[in-house]
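# Coordinate analysis (summary)
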Amino acid sequence: MKKDNKNKITTTENQAISSFENFFYRYVAWFPILVLPALVWEMFSVNDYVPAGLIGVMHAVLVFRLVTIAGQQGWFKKRQQL
């Protein structure tokens, strides 16, 4: 009986995210994820509660999506040569 020699890399990739999301969360999303907490802090200190709350929710969604969906643990692994 012949074994299937499927490529393990394609089976472990997350098919739920697009290539744009992969690019966005790997290279672009770090800036708003790092800057938005300071912006929210400043807005709360000036008593702008509603916009600060909306930006805080947006930040929470960005971080949640980055941590759960994007699979950043695979970004820093050494790739196998085929």
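Residues numbered from 1 in each chain as written. Predicted model: local features only at pLDDT ≥ 70, side-chain atom pairs only at ≥ 80, totals over all residues. Heavy atoms only, no water.

## A look at the confidence of the model for the chain
- Averaged over all residues, the pLDDT of the chain is 77; the fraction at 70 or higher stands at 70%.
- By mean pLDDT, helix 1 (residues 8-12) is the weakest element of the chain at 50, and helix 3 (residues 30-45) is the strongest at 90. (pLDDT = per-residue confidence, 0-100. Helix = DSSP H or I, 4+ residues; strand = E, 2+ residues; numbered from the N terminus.)

## Quick word on a nonpolar patch on the surface
- Taken together, Trp30, Phe31, Leu34 and Val35 make up a surface patch of nonpolar side chains, about 440 Å² in accessible area.
- Residue placement: Val35 occurs in helix 3. (Patch = residues over 30% accessible without salt bridge, like charges linked within 9 Å, V, L, I, M, F, W, Y side chains within 5 Å. Areas by Shrake-Rupley, 256 points an atom, 1.4 Å probe, with all protein chains shown as cover. Salt bridge = Lys/Arg side-chain N within 4 Å of Asp/Glu carboxyl O.)

## Some details on the side chain of His59
- As for its placement among the helices and strands, His59 is situated in helix 4 (residues 49-68).
- The contact partners of His59, leaving out residues within four places of it in the chain, are Pro32, Ile33, Leu36 and Pro37. (Contact = heavy atoms within 4.5 Å.)

## Here's the deal with unusual backbone geometry
- Positive phi values are uncommon outside glycine, yet Asn47 reaches one of about 70°.
- Mapped onto the elements, Asn47 comes out in the loop between helix 3 and helix 4.

## Focus: the packing of helix 2 (residues 19-28) against helix 4
- Helix 4 packs onto helix 2 with a crossing angle of 110° between their chain directions and a minimal axis gap of 11 Å. When the interaxial angle is binned, helix 2 and helix 4 end up roughly perpendicular. Between helix 2 and helix 4, the residues in contact are Glu21, Phe24 and Tyr25 and Leu62, Arg65 and Leu66, respectively. (Axes fitted to C-alpha atoms, helices over the stretch in contact; angles between N-to-C directions. Parallel < 35°, antiparallel > 145°, perpendicular 65-115°, else oblique.)

## Here we look at the packing of aromatic side chains
- Scanning the model with the defined rule gives three aromatic pairs in all.
- For the pair Phe20 and Phe24, a centre-to-centre distance of 6.0 Å together with 25° between the ring planes defines the contact as stacked. Note that Phe20 and Phe24 are positioned in helix 2 at a spacing of four residues, about one turn of the helix.
- Owing to a relative accessible area of 56%, Phe20 belongs among the exposed residues under this scheme. (Phe/Tyr/Trp six-rings, centres within 6.5 Å; stacked < 30°, edge-to-face > 60°. Buried < 20%, exposed > 50% of the residue type's maximum accessible area, 1.4 Å probe, protein only.)

## Regarding the nonpolar core
- Core analysis: the biggest nonpolar cluster contains 10 residues, these being Tyr25, Ala29, Ile33, Leu36, Val40, Met43, Ala52, Ile55, Leu62 and Leu66.
- The set of elements that each furnish at least two residues to this core consists of helix 3 and helix 4.
- Sequence-distant contacts of Val40, defined by excluding residues within four places in its chain, comprise Ala52, Ile55 and Gly56. (Core = buried A, V, L, I, M, F, W, Y, C linked by side-chain atoms within 4.5 Å.)

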